[in-house]
Amino acid sequence: MELPLDFATLRLIWWGLLGVLLIGFALTDGFDLGVGALLPFVARTDEERRMVINTVGATWEGNQVWFILGGGAIFAAWPFVYAVSFSGFYLAMFLVLSALILRPVSFKYRSKRASRAWRSLWDWGLFIGGFVPALVFGVAVGNVLLGAPFRLDADLRSFYEGDLTGLFSPFSLIAGLLSVCMLVLHGAAWLSVKAEAGPVLDRARRFGTIAAVLALILFAVGGLYVAFGGLGYRITGVIDPNGFSNPLRTTVEAAPGAWLDNYSRYPWMMLAPALGFLGASAALLGLWRQSAPLAFGGSSLSAVGIISTVGLSMFPFILPSSVNPQSSLTVWNASSSHLTLFIMLICTLIFLPVVLIYTAWVYRVLWGRSSTAALKTNPDLY
């Protein structure tokens, strides 16, 4: 059966779609995580905390669709990546899922009792549900850039040779803290859009300002670490973008500084890190000037730029191996079959616009600022 798109093109499209889904998760559920991480600090009274919770209360469940779509895309389009990452990073994923499970429980149980201690307990549950995933996702990205400690045998069975504590290296912690600051900034920018004027909004702007400055510093430090810290991998053999999927057919070596190779080959890629810096700077300016559109638009562009920088720097690698570079997974050697990618693309072209249209409609219907006055009149609020 002759398909209208060749194997290499489909692999490239699915690599781009995976990036789109990860960015979609950061832009939507990202501000939910940021608001959760900010909750105990920007809101002090019960009314203030309920108002903050209800800035995301109507949409947080729908925003998690992007997380599910991202995981599903990895499973279906990149089965080798799914098998290695979800088994090797099992404890880290368990930590993230535990925190994400704690979040809906905290939303639902918080207002079941009027006890101050009871509500404070669930407020900290929302903090954990926001802070921990943001940190661990960033640490995971840092470890992907460093290379994961796995190897494949001749039968393509994966063996992970690391542990949970080994994930927290200096560079991965920089990446983790950058992720936290990026999403806290995004959460503060969302509060500037959704929260009523008052002390909560003032505190959100202060914390968002700190997060923006730290994000700029950590992004710069991370870039210097990538350039001079001995990170990088390079394919040294012949690349066959249309070849069958077998990671062991690719010749790879560790090459310090190789993550910068793509920027010399394709100068347009410099737009990604530039967008990361410019977006965070615009968000910082928006918070200072009390301009909600500038703050939220800037934080969104910063997230797009930071995530795109990682993907473009690593291309065509998806998950390099630090213990056996020969086992590294790339766009060209770790995908599903040609037919599978084509069928999935057709399904995506049908259903992804439906998700986007429905999401846009929901936000349009639910648009408007959350207020403490509404808490007394609307029984559907948290």
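Each remark here, short or long, concerns the structure printed above.
So, a few notes on the structure that sits alongside this text. Remember, predicted model here, so these are calculated numbers, not experimental data.

On to the overall build of the protein chain. Helices and strands together make up the secondary structure of the protein chain, namely 13 helices and six strands. Here the protein chain has a C-alpha radius of gyration of 21 Å; the compact-globule value for 382 residues is 21 Å, and the two agree. Each principal axis of the C-alpha atoms in the protein chain carries an extent, and together these give about 65 × 45 × 40 Å. For the protein chain, the proportion of its 382 residues judged to be buried stands at 51%. Put simply, the protein chain shows about 17400 Å² of open surface, and 70% of that area lies on carbon and sulfur atoms. Counting 24 positive and 19 negative side-chain charges, the protein chain places the averaged centre of each group 11 Å from the other.

The next thing to look at is the nonpolar core. Grouped together as the largest cluster of nonpolar side chains are 100 residues, with contacts concentrated most on Trp14, Val42, Val52, Trp78, Leu191, Trp259 and Leu329. No other element matches helix α1 (residues 7-42), which puts 15 residues into this core. Ignoring sequence-local partners within four residues, the contact set of Val42 consists of Glu48, Val52, Leu191, Val200, Arg203, Ala204 and Phe207.

We now examine the pattern of salt bridges. Applying the stated criterion across every chain yields a total of ten salt bridges. Its salt-bridge partner being Asp29, residue Arg103 comes within 3.1 Å of it at the nearest N-O pair. One end of the pair, Arg103, is in helix α6 (residues 90-109); the other, Asp29, is in helix α1, and 74 residues separate them in sequence. Take Arg103 and Asp29: they sit in the same class, and that class is buried. With its nearest N and O atoms 2.5 Å apart, the salt bridge here joins Arg110 to Asp123. In this pair, Arg110 is assigned in the loop between α6 and α7 (116-146) and Asp123 in helix α7, connecting sequence segments 13 residues apart.

Judged by relative accessible area, Arg110 falls into the buried class, the value being 3%. Between the C-alpha atom of Arg110 and that of Leu126, which follows or precedes it by 16 residues, the distance is 9.6 Å. Apart from the residues lying within four places of it in its own chain, the contact partners of Arg110 are Asp46, Arg49, Arg50, Ile53, Trp118, Arg119, Trp122 and Asp123. Among the polar contacts made by the side chain of Arg110, one reaches the side chain of Asp46 at a distance of 2.8 Å.

Another point: the environment of Arg206. Take Arg206: it is sitting in helix α9 (residues 199-228). Classification of Arg206 by relative accessible area gives partly exposed; the value is 48%. For the pair formed by Arg206 and Leu301, sequence separation is 95 residues and the distance between their alpha carbons is 20 Å.

Running from N to C, α1 and helix α13 (residues 338-365) point in directions that differ by 25°, and their axes come no closer than 11 Å. Here α13 runs roughly parallel to α1, going by the angle between their axes. The two elements α1 and α13 meet at a crossing, and its hand is left-handed. Contacts between α1 and α13 involve Phe7, Leu10, Arg11, Ile13, Trp14, Leu17 and Phe31 on the former and, on the latter, His338, Leu341, Phe342, Met344, Leu345, Thr348 and Tyr363. Among the residues forming the contact of α1 with α13, the class breakdown is eleven nonpolar, two polar and one charged.

Negative phi is the rule for most residues except glycine; trans is the rule for most peptide bonds. Phe315 connects to Pro316 through a cis peptide bond whose omega is 10°. Its location among the elements puts Pro316 in the loop between α12 (292-314) and β5 (317-319). The backbone phi angle of Leu156 is positive, close to 65°, even though this residue is not glycine. Residue placement: Leu156 occurs in the loop between β1 (150-152) and β2 (158-160). You will see that Gln290, though not glycine, has its phi angle at about 60°, which is positive.

What follows is about the side chain of Arg203. Considering the arrangement of structural elements, one finds Arg203 in helix α9. In this structure Arg203 comes out as buried when scored by relative accessible area, which is 8%. Apart from residues lying up to four places away in sequence, Arg203 is in contact with Phe41, Val42, Ala43, Arg44 and Glu48.

What follows concerns the side chain of Ser192. Mapped onto the secondary structure, Ser192 falls in helix α8 (residues 170-194). Within the structure, Ser192 has its side chain in polar contact with the backbone oxygen of Ala189 (distance 2.4 Å). Contacts of Ser192, omitting those with residues within four sequence positions, involve Leu201, Ala292, Ala295 and Arg369.

The end-to-end C-alpha distance of helix α4 (residues 65-77) is 18 Å, a good match for the 18 Å that 13 residues give at a rise of 1.5 Å each. Every buried residue of α4 is accounted for by Trp66, Gly70, Ala73, Ile74 and Ala77. Angular distribution of buried residues about the axis of α4 spans 100°; they occupy a single face of the element. Residues of α4 that are exposed and point more than 90 degrees away from the buried face comprise Ile68 and Phe75. In the core, the buried residues of α4 are packed alongside α1, α3 (60-63), α5 (79-88) and α13.

Definitions and limits used
- Residues numbered from 1 in each chain as written.
- Predicted model: local features only at pLDDT ≥ 70, side-chain atom pairs only at ≥ 80, totals over all residues.
- Heavy atoms only, no water.
- Helix = DSSP H or I, 4+ residues; strand = E, 2+ residues; numbered from the N terminus.
- Rg over C-alpha atoms; globule rule 2.2 N^0.38 Å.
- Buried < 20%, exposed > 50% of the residue type's maximum accessible area, 1.4 Å probe, protein only.
- Areas by Shrake-Rupley, 256 points an atom, 1.4 Å probe, with all protein chains shown as cover.
- Lys, Arg positive; Asp, Glu negative; His and termini not counted.
- Charge placed at Lys NZ, Arg CZ, Asp CG, Glu CD.
- Core = buried A, V, L, I, M, F, W, Y, C linked by side-chain atoms within 4.5 Å.
- Contact = heavy atoms within 4.5 Å.
- Salt bridge = Lys/Arg side-chain N within 4 Å of Asp/Glu carboxyl O.
- Polar contact = N/O pair within 3.5 Å; in protein donor to acceptor, adjacent residues only side chain to side chain.
- Axes fitted to C-alpha atoms, helices over the stretch in contact; angles between N-to-C directions.
- Parallel < 35°, antiparallel > 145°, perpendicular 65-115°, else oblique.
- Left-handed = near helix turned anticlockwise from the far one by under 90°.
- Nonpolar A, V, L, I, M, F, W, Y, C, P; charged D, E, K, R; others polar.
- Expected span 1.5 Å × (residues − 1).
- Arc of directions from axis to C-beta.

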